[in-house]
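# Residue-level structure breakdown
Single-letter residue listing:
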Amino acid sequence: MTAPTDPAVQQARTLLDRFLAAGIAAAHPEKCLRAHLPQPAPGRLIILGAGKAGGSMAAVASRFYREEHGVPEARILGLAVARHGYGQEAPGIRMVEAGHPVPDEAGIAATREALSIAAQAGPEDEVLVLLSGGGSANWIAPAGDLTLTEKQAITRALLRSGAPIGEINTVRKHLSRIKGGRLALAARNARSILTLAISDVPFDDPAVIASGPTVPDPSTLEQARAICERRGIPLPETAVRLLNDPNNETPKAGDPAFARAEYRIIARPIDALEAAAAAAREAGYEAVMLGADLEGEAREVAAEHADLARKARAEGRRVALISGGELTVTIRGEGHGGPNQEYALALAIALDGEPGIRGIAADTDGTDGGRGEATDPAGGLVDETTLARARAAGLDPAAMLADNDSTRFFETLGDLVRPGPTRTNVNDCRIILVD
């Protein structure tokens, strides 16, 4: 499909790409991790990483300890697991790629190995845990007799239900042998446990980031049961037994396993949004931050933001409306997409060709929903020509939104955002430019 020919529209789309790239770069481990890495101690250094930034964080740590500090390979024991396509070479640290958002056998094998390595930590060893969003799916160790197939089905049902990430992780933690503080239990004999995390969740809650494997878990079995009942999640008998077993409760604050555990967040969603806002100001826009922790149905939030954009235009303001957080999609149709693409499609419909308003919505990790492939799109671009070009191509925007078919919509127009694997993850970045 032919892209817009209006120079003003083309320029705005170029700026939107630039602002998004500035936000992603601000949260990359190359920029934010090194300053937080501890100096090497005399004992062994055990490095365990997980999530979409698991590979890039491990690579930075490997260079820091091996090249900058000359730590011999015999003193480093490491394993990192990242989403398929997100791995990165990190000498001294074994790299594994695994499934996301639905876990797979590679994730199970890597998680078993990570738990085994953590259990080997002795009183002279330091455990360095490098966490990022996606770790909940990459570190997968079903508890009890729960099988991978059953865990996959529960994960898919939770994702389709429209449940926010906090609810999803509450259930995950109570069906796992590593989540909800259980990795800290495994490494409880270590001299210290330091977790450095890149946050991808609203309000940066350590208990939610990658399902909190090294921090006390405030959620309960009762809450997990209530979420499954409220969301209509079908559970196999193996999961029912786990959620009804008091002995399967996650470790809480005060547990000795956390006595020598420290946790630091090294990059947050707001960091990316502020970098995007700075780029927008440099381009002459008034940056208006709508919040880094937004939640809710993607199409509903898009309609609200369209109203704000129209209001700003009516007032004659040249603004960049910037927001983050993690929106959800309750899947009722048969199409494919993700929260950012659905937001972008709903935004285009709500704006209805309003001139001078253009927007981008993308996940900073480089993929938005999709089929779990590294080549999945990250989001979509919209402008005043979007609906006209769609109808000229024989598309029905409202029908495609109802069918959750946003990927096909933007793919037909050539307006998918495809940065590829960014190897970081600080959630969504949405920018609306009003000229």
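Structural notes, computed from the coordinates. (Residues numbered from 1 in each chain as written. Predicted model: local features only at pLDDT ≥ 70, side-chain atom pairs only at ≥ 80, totals over all residues. Heavy atoms only, no water.)

### What about the overall build of the chain?
Looking only at helices and strands, the chain has 16 helices and 12 strands in total. On C-alpha atoms alone, the chain measures out to a radius of gyration of 22 Å, which is about the 22 Å that the 2.2 N^0.38 rule sets for 435 residues. Based on the C-alpha atoms only, the size of the chain along its principal axes is roughly 65 × 50 × 35 Å. Split into buried and exposed, the 435 residues of the chain put 59% on the buried side. For the chain, the accessible area works out to roughly 16200 Å², and carbon and sulfur atoms hold 50% of it. The averaged location of the 58 negative side-chain charges in the chain is 2 Å from the averaged location of its 46 positive side-chain charges. (Helix = DSSP H or I, 4+ residues; strand = E, 2+ residues; numbered from the N terminus. Rg over C-alpha atoms; globule rule 2.2 N^0.38 Å. Buried < 20%, exposed > 50% of the residue type's maximum accessible area, 1.4 Å probe, protein only. Areas by Shrake-Rupley, 256 points an atom, 1.4 Å probe, with all protein chains shown as cover. Lys, Arg positive; Asp, Glu negative; His and termini not counted. Charge placed at Lys NZ, Arg CZ, Asp CG, Glu CD.)

### With respect to the pairing of strand 10 (residues 379-382)
Note: strand 9 (residues 357-363) against strand 10, 4 bridges, orientation antiparallel. Each bridged residue has a counterpart across the sheet, and for A361 the counterpart in strand 10 is G380. Inspection of the sheet shows strand 10 paired to strand 11 (residues 416-417) by 2 bridges, in the antiparallel sense. Each residue of the ladder has a partner; that of G379, found in strand 11, is V417. (Pairing = 2+ DSSP bridges.)

### Some words on the pattern of salt bridges
Applying the stated rule across the entire model yields 30 salt bridges. Overlapping salt bridges, with partners in common, bring together R13, D383, R389 and D415 in one network. (Salt bridge = Lys/Arg side-chain N within 4 Å of Asp/Glu carboxyl O.)

### Side note on helix 4 (residues 105-119)
In a regular helix each residue adds 1.5 Å, so 15 residues correspond to 21 Å; helix 4 covers 21 Å between its end C-alpha atoms and thus fits that length. All buried positions along helix 4 are accounted for by G107, I108, A110, T111, A114, L115, I117 and A118. Summarising the contacts, the buried residues of helix 4 are in contact with strand 1 (45-50), strand 2 (76-83), strand 3 (93-98), helix 5 (135-138), helix 6 (148-160) and helix 8 (182-186). (Expected span 1.5 Å × (residues − 1). Contact = heavy atoms within 4.5 Å.)

### A closer look at unusual backbone geometry
Backbone torsion omega between H100 and P101 reads 0°, so that peptide bond is classified as cis. Along the chain, P101 turns up in the loop between strand 3 and helix 4. A positive phi angle is found at F203, which is not glycine, with a value near 70°. Mapped onto the elements, F203 comes out in the loop between strand 5 (192-198) and helix 9 (221-231).

### Section: the environment of I331
For I331, the location among the structural elements is in the loop between strand 8 (319-325) and helix 13 (339-351). A residue is classified by how much of its surface remains accessible, and I331, at 30% relative accessible area, is partly exposed. As for I331 and G162, which are separated by 169 residues in sequence, their C-alpha atoms are 7.2 Å apart. Leaving out residues up to four positions away in the same chain, I331 has contacts with R160 and N404.

### What to know about the sheet that holds strand 12 (residues 428-434)
The strand order 7-8-12-9-10-11 describes an open sheet built from 6 strands, whose pairing is mixed. For this open sheet the edge positions go to strand 7 (286-294) and strand 11, each flanked by a neighbour on one side alone. Pairing of strand 7 with strand 8 involves 6 bridges; the strand directions are parallel. Residue V288 lies in a different strand from strand 8, and its bridge partner there is L321. Contacts between helix 12 (residues 298-314) and the sheet are confined to strand 7, strand 8, strand 9 and strand 12, with strand 12 contributing the most and set at about 30° to the helix. (Axes fitted to C-alpha atoms, helices over the stretch in contact; angles between N-to-C directions.)

### Some thoughts on the side chain of T195
Assignment of secondary structure puts T195 in strand 5. Only 2.7 Å separates the side chain of T195 from the side chain of T214, close enough to count as a polar contact. Those residues in contact with T195 that lie beyond four places of it in its chain are V129, L131, T214, E262, Y263 and R264. (Polar contact = N/O pair within 3.5 Å; in protein donor to acceptor, adjacent residues only side chain to side chain.)

### Section: the sheet that holds strand 5
Two orientations exist for strands paired in a sheet by backbone hydrogen bonds: parallel and antiparallel. Ordered in space as 3-2-1-4-5-6, the 6 strands form an open sheet in which the pairing is parallel. Of all the strands in the sheet, just strand 3 and strand 6 (261-267) have a single pairing partner and so form its edges. Strand-to-strand twist of the sheet, defined as the mean angle between neighbouring strand axes without regard to direction, takes the value 15°. Relative to strand 2, strand 1 runs parallel, the two sharing 6 bridges.

### Observations regarding the packing of helix 12 against helix 13
Contact geometry of helix 12 with helix 13 gives a least axis separation of 8 Å together with a crossing angle of 45°. The pairing of helix 12 with helix 13 is recorded here as oblique in orientation. Remark: the crossing between helix 12 and helix 13 carries right-handed chirality. Of the residues in helix 13, those touching helix 12 at A298, R299, V301, A302, A303, H305, A306, A309 and R310 are P339, E342, Y343, A346, L347, A350 and L351. In terms of residue class, the contact of helix 12 with helix 13 is built from 12 nonpolar, 1 polar and 3 charged. (Parallel < 35°, antiparallel > 145°, perpendicular 65-115°, else oblique. Left-handed = near helix turned anticlockwise from the far one by under 90°. Nonpolar A, V, L, I, M, F, W, Y, C, P; charged D, E, K, R; others polar.)

### Here's the deal with the packing of helix 13 against helix 16 (residues 406-413)
Between helix 13 and helix 16, the shortest axis-to-axis distance is 9 Å and the interhelical angle comes to 70°. Regarding the angle of helix 13 to helix 16, the classification is roughly perpendicular. The two elements helix 13 and helix 16 cross, and the hand of that crossing is left-handed. Note on element contacts: helix 16 touches helix 13 through S406, T407, F409 and F410, opposite Q341, E342, A344 and L345. Grouping the amino acids of the contact of helix 13 with helix 16 by side-chain chemistry returns 4 nonpolar, 3 polar and 1 charged.

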